[in-house]
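Overview (structure and organization)
Below are the chains, spelled out letter by letter.
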Amino acid sequence: MSRSSCRVLLFALTAVAPRLLAQTPPAETPQQPAPPQPVPTPTPEPTPTPAPAPVAPAGSSKVFNPDMAVIGDFLAAAGRNRTDNPPPSFELHEAELSLQAVVDPYARADFFFSYSPEGAEVEEGFITFTSLPGKLLLKAGKLRAGFGKVNTQHTHILPWTDRPLVTQNLLGGDEGIADAGLSLARLLPIGSTFLEATAEVYRGESGVFQAPQRSDLSYVGRLRGYRDITESTNFELGSSIAYGHNGITDDTTTQLYGVDATFRWRPLRRAIYRRLLARGELVWSRAEKQSGANESFGAYVSSEYQFARRWFAGARFDVSGRAYEDVPKDKGGSLLLTFWPSEFSQVRGQYRYTKLGTGETNNEFLFQLLFSIGAHGAHTF
Amino acid sequence: MNRLLPLVLILASAPPARAAVNVVASTEDLASLTREVGGDKVTVQAIARGYQDPHFVEAKPSFITMLMRTQLLIVVGRELEIGWLPPLINQSRNAKIQPGSDGYLDASLSARILEIPTGQLTRAMGDVHPLGNPHYWLDPENGRRIAGAVRDRLAKLDPANASYFASRYADFDARLSAAEKRWMAAMAPYKGTKIVTYHRSWPNFCERFGLDVMGYVEPKPGIPPSPSHTIALMQEMKRQNVKIVLVEPYFDLKTPNSIGRETGAKVLVMPPSVGGEKEITDYIKLFDYDVKLVVDGLKAAGAAAR
């Protein structure tokens, strides 16, 4: 439930596919005042006067097509990286295809297919039941687990070109915890505080959890609270827990505990020019091995500031142990500069310094080009 | 919540004639029109503030709580809110306000919409609205139509008060008509005056009051000003003797001000919505304010009154 974006509106202003309009009869030119005319929307509403020309019925077969979008994530890297798997010089890191639509009066569906050099996969594909009683929201399908903030976010809405070290080390690598299962979220508003509790159950096949048997499910729980401080500032606090078999042996399990905090500032009168987001996430991991268990800790603190209509500057500090190795913590820091030519494309540079617990240091410059076509649904906060 | 549940049930089972209809409007303009019609039989909250760019509202969780309890959601439509309202509706857990339900009212379906594009559209045109210009509430005639649609919908949700809503509407209609005469008379001397606006927010306003929008500070909808476009615009403004530039309160004044210095045109910060300035507390006051602003601006700029 807690899919979130620090930049809610990136790629969010979407256009209905032009095909809809191609079907609209050219009854009048844009300069001339147009008489009230029903456009082909699925919601029938009375109009004050009859339509001057019937809307081409040929459009109706396409009206129910889902919103479609493709987002390209092109990544370039330079500098020193002595790890086994450095980012390549140039890479189409990901092409994400999204198909989103309402299923029926009770549900909607969202599919995100990810094509990357590692292959094609369903990044997420789920149905959301929007009309359940008891303020419940149920999702079923393959989901990014609601553990913390960054784990729920797709690559293209991250404020960085990469994912933090703690995601890589403790939450199962680049993809994080994404698995097939169910997610049930309930709102518990107390006064003006927004509280949401989420309970999720998964099959146990992700970067962290591997179920030796069908009955070895993994579980994720989350409680988040949100409060408006003023009309321009707000604060969000979340805590998460995850538990499941890790697949090292038939009995070994991993427990994860997370805390995240987000502060946002965005003055309403200048909302398109200025904003600040500061966020930190802490994760504790206890992973059982053949002999004993390895306990580790990881965190990141990140901030992004918009200083002009199209410009953002950001920084991130990373620290993280490793899930199964008892080595000194990996540490890192990044500086970022992002430029938006429009809401539908984005250019980003990131300087990244990493000092691995094993002693090596990496100094890299990463360059990212994000571009989107089609209608991509708006992101949740 | 468990402790609140009995209370919620009591409220829900109360006879509809007693309980006010709980309405959320996406903007303060729609909220104001709903108050005109609904009177004390409705409670109305707006999501976007009048001084905020309605294209870029944040989908804050506090709005989810607001939508969770509402019986009627009134939206501007024409994709104005597409960047933020759909996720709020999805997470509202409120079946009543899902699009297509009686509790969802798209105000644009009763209004006269301008600038509906025909032919092929691409994003090379900027943030063009494929379903037409969504700033349609800035024509009082559309305000009247929206109020009519709200009256009909409220009557459907609360039939016991249908005649109350009808008489409130009739009263608003009369006051609006009287005010319109005033506004038209004030603007009449300036019919055909050429102006420049920042964004394409004013086609309905300008059509109603006889202003001629000759250009925009934005090179394309949603695209920030560029030097080459600004230079071309200033040249054209001088050639056509344009005296005023209208800027919505949420845009940066740097470029408009330099256009003003260069061309001698007056830059007016003109609120397109109720709440855009403190004294604009309702729909009729919005036009009172804007018409006075334009008339005073044109007078001060010495535009020839014909």
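Residue positions are counted from 1 within each chain, in the order its sequence is given. Chains and ligands are labelled sequentially in the order written, the chains with letters from A and the ligands with numbers from 1. Only residues with pLDDT of at least 70 get local features here, since the model is predicted, and only at 80 or more are side-chain atom pairs given and counted; chain-wide, interface and lining totals rely on the full set of residues.

1. Quick word on the overall build of chain B
Of the regular secondary structure elements, chain B holds 10 helices and eight strands. With the radius of gyration taken over C-alpha atoms, the globule rule is written as 2.2 Å times the number of residues to the power 0.38. Here the C-alpha radius of gyration of chain B, 21 Å, is about what a compact globule of 306 residues would show, namely 19 Å. Considered along the principal axes of its C-alpha atoms, chain B spans approximately 70 × 40 × 35 Å. Every C-beta atom is placed from the backbone, and the number of other C-beta atoms within 10 Å of a residue's own sets its class: buried at 20 or more, exposed at 12 or fewer, partly exposed in between. Across the 306 residues that make up chain B, the buried fraction comes to 55%. Sequence-distant contacts in chain B: of pairs separated by 6 or more residues, those separated by 24 or more amount to 63%. Secondary structure elements are taken from DSSP: a helix is a run of H or I of four residues or more, a strand is a run of E of two residues or more, and numbering for both begins at the N terminus. Two residues qualify as being in contact provided that their C-beta atoms, derived from the backbone, are within 7 Å of each other.

2. Details of the domain arrangement of chain B
Residue and element names in this part refer to chain B. Each domain's extent is set by a domain assignment, obtained either automatically or from a database. Entries for chain B in the domain assignment read domain 1 (8-181) and domain 2 (186-300). At the junction of the two partners, domain 1 supplies 29 residues and domain 2 supplies 25 residues. Of all the secondary-structure elements, those providing two or more residues to the side of domain 1 that touches domain 2 are helix H2 (28-38), helix H5 (140-157) and helix H6 (162-187). Taken together, the residues that form the side of domain 1 that touches domain 2 break down as 10 nonpolar, nine polar and 10 charged. Under the scheme applied here, ten amino acids are nonpolar (Ala, Val, Leu, Ile, Met, Phe, Trp, Tyr, Cys and Pro), four are charged (Asp, Glu, Lys and Arg), and all others, including Gly, are polar.

3. Overview of the packing of H6 of chain B against helix H10 (residues 283-300) of chain B
Residue and element names in this part refer to chain B. Between H6 and H10, the shortest axis-to-axis distance is 10 Å and the interhelical angle comes to 5°. Considered as vectors, H6 and H10 are oriented roughly parallel to each other. For the pair H6 and H10, contact is made by Arg175, Leu176, Ala179, Trp183, Ala186 and Met187 and by Ile284, Phe287, Val291 and Val295, respectively. Of the residues in the contact of H6 with H10, the class split is nine nonpolar, no polar and one charged. Axis definition: a line fit to C-alpha positions, over the contact stretch in the case of helices; interaxial angles, taken between N-to-C directions, run 0 to 180 degrees. Should an angle fall under 35 degrees it is taken as roughly parallel, and over 145 as roughly antiparallel, whereas 65 to 115 is taken as roughly perpendicular and any remaining angle as oblique.

4. Some remarks on the nonpolar core
Counting 94 residues, the largest nonpolar core has Leu67, Ile74, Ala107, Ile146, Val245 and Leu246 of chain B as the members making the most contacts within it. The residues contacting Leu67 of chain B, other than those within four sequence positions of it, are Val24, Leu73, Leu88, Ile89, Ser92, Asn94 and Ile97 of chain B. For our purposes the nonpolar core covers buried Ala, Val, Leu, Ile, Met, Phe, Trp, Tyr and Cys residues that link as a set through C-beta atoms within 7 Å. Core analysis: the next-biggest nonpolar cluster, separate from the first, contains 23 residues, Leu143, Leu170, Ala211 and Leu256 of chain A among them.

5. Remarks on the sheet that holds strand S8 (residues 266-269) of chain B
Residue and element names in this part refer to chain B. Taken together, the four strands give an open sheet; going across it, the order is S6-S5-S7-S8, and neighbouring strands pair in parallel fashion. Pairing within the sheet leaves two strands with one partner each, and these edge strands are strand S6 (212-216) and S8. Geometrically, the sheet is characterised by an average inter-axis angle of 30° between neighbouring strands, direction not taken into account. At least two bridges found by DSSP between two strands are what make those strands a pair. Examined bridge by bridge, strand S7 (residues 244-247) and S8 share four bridges and lie parallel to one another. Along S8, the bridge assignment pairs Val245 with Val267. The strands touched by H10 are S7 and S8; relative to S8, the strand with the most contacts, the crossing angle is about 165°.

6. Here we look at the sheet that holds strand S2 (residues 42-46) of chain B
Within a beta sheet, neighbouring strands are joined by backbone hydrogen bonds and run either parallel or antiparallel to one another. Residues and elements named next belong to chain B. Ordered by their spatial adjacency, four strands build an open sheet running S2-S1-S3-S4, and the pairing between neighbours is parallel. Of all the strands in the sheet, just S2 and strand S4 (104-106) have a single pairing partner and so form its edges. Taken over all neighbouring pairs, the strand axes of this sheet differ in orientation by 20° on average, direction set aside. For strand S1 (residues 21-25) and strand S3 (residues 72-75), the ladder comprises three bridges, and the chain directions are parallel. For Val23, the partnering residue across the bridge sits in S3 and is Leu72. Strands S1, S2, S3 and S4 of the sheet are contacted by H5, whose axis makes an angle of about 165° with S3.

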